[in-house]
Amino acid sequence: NYKPGMTGEVKILVDETANAFVIPIEAIQDDKFVQVKKGNRFKKTEIQTGLSSDVEIAIISGLSSDDSVVISGFDQISKQSLLNKSLDVFKGEKSN
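Residues numbered from 1 in each chain as written. Predicted model: local features only at pLDDT ≥ 70, side-chain atom pairs only at ≥ 80, totals over all residues. Heavy atoms only, no water.

Asker: Sorry if this is basic, but what is going on with unusual backbone geometry here?
Answerer: Negative phi characterises most residues that are not glycine, and trans characterises most peptide bonds. A positive phi angle, near 50 degrees, is found at D30, a position not held by glycine. With respect to the helices, strands and loops of the structure, D30 is situated in the loop between strand 1 (21–24) and strand 2 (33–38). Given the relative accessible area of 58%, D30 is considered exposed. The backbone of D31 shows a phi angle near 65 degrees, a positive value even though the residue is not glycine. As for its placement among the helices and strands, D31 is situated in the loop between strand 1 and strand 2. Given the relative accessible area of 70%, D31 is considered exposed. (Helix = DSSP H or I, 4+ residues; strand = E, 2+ residues; numbered from the N terminus. Buried < 20%, exposed > 50% of the residue type's maximum accessible area, 1.4 Å probe, protein only.)

Asker: Quick question: what am I supposed to make of the packing of aromatic side chains here?
Answerer: How two aromatic rings sit relative to each other is given by the distance of their centres and the angle of their planes. Counted according to the given criterion, the structure contains zero aromatic pairs. Lying across the ring of F33, K44 places its NZ or CZ 4.7 Å from the centre. (Phe/Tyr/Trp six-rings, centres within 6.5 Å; stacked < 30°, edge-to-face > 60°. Lys NZ or Arg CZ within 6 Å of the ring centre and 35° of its normal.)

Asker: Please clarify how the environment of T49 should be interpreted in this entry.
Answerer: Summarising the element assignment, T49 is placed in strand 4 (residues 48–52). On the basis of relative accessibility, which here comes to 29%, the residue T49 falls in the partly exposed class. The spatial distance from the C-alpha of T49 to the C-alpha of I60 is 5.5 Å, given a sequence separation of eleven residues. Among residues more than four places away in sequence, those in contact with T49 are I28, I57, A58, I59 and I60. (Contact = heavy atoms within 4.5 Å.)

Asker: Would you explain the environment of I57 in this entry?
Answerer: Here I57 shows up in strand 5 (residues 56–61). Setting aside residues no more than four positions away along its own chain, I57 makes contact with F21, V22, I23, P24, I25, I28, T49, G50, L51 and S52.

Asker: Whenever I open this one, the confidence of the model for the protein chain confuses me. Can you help?
Answerer: Taken over all residues, the pLDDT of the protein chain has a mean of 81, while the share at 70 or more is 80%. Scored below 50 in pLDDT, residues 82–86 makes nine contacts in the model with residues more than four places away or belonging to other chains. (pLDDT = per-residue confidence, 0-100.)

Asker: Any chance you could explain the nonpolar core here in plain terms?
Answerer: Nonpolar side chains in soluble globular proteins tend to be buried together. Counting twelve residues, the largest nonpolar core consists of F21, I23, A27, I28, V34, V36, I47, I57, I59, L63, V69 and I71. Mapped by element, the contributors of at least two residues to this core are strand 1, strand 2 and strand 5. (Core = buried A, V, L, I, M, F, W, Y, C linked by side-chain atoms within 4.5 Å.)

Following this line, the structure appears as structure tokens:
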């Protein structure tokens, strides 16, 4: 039973994307690229994005389940960069 003055929280599902990776939005570069760790180097990888929020974005294609995406420290990555620098790396998880 509801009474005056009561509050609650509601989540409304507007849209949904199946089989997509969700990563922090700050990992996206130039609207369609991410930096992916490949061995001891990094590779700028083109991706296709889907739905997004203020903090996360769905990746529809361009990543695989074993990819690790860089989410900060982009200024430390160069063509000759090795993993001897400490960078935050996000291991994406696929949404259902």
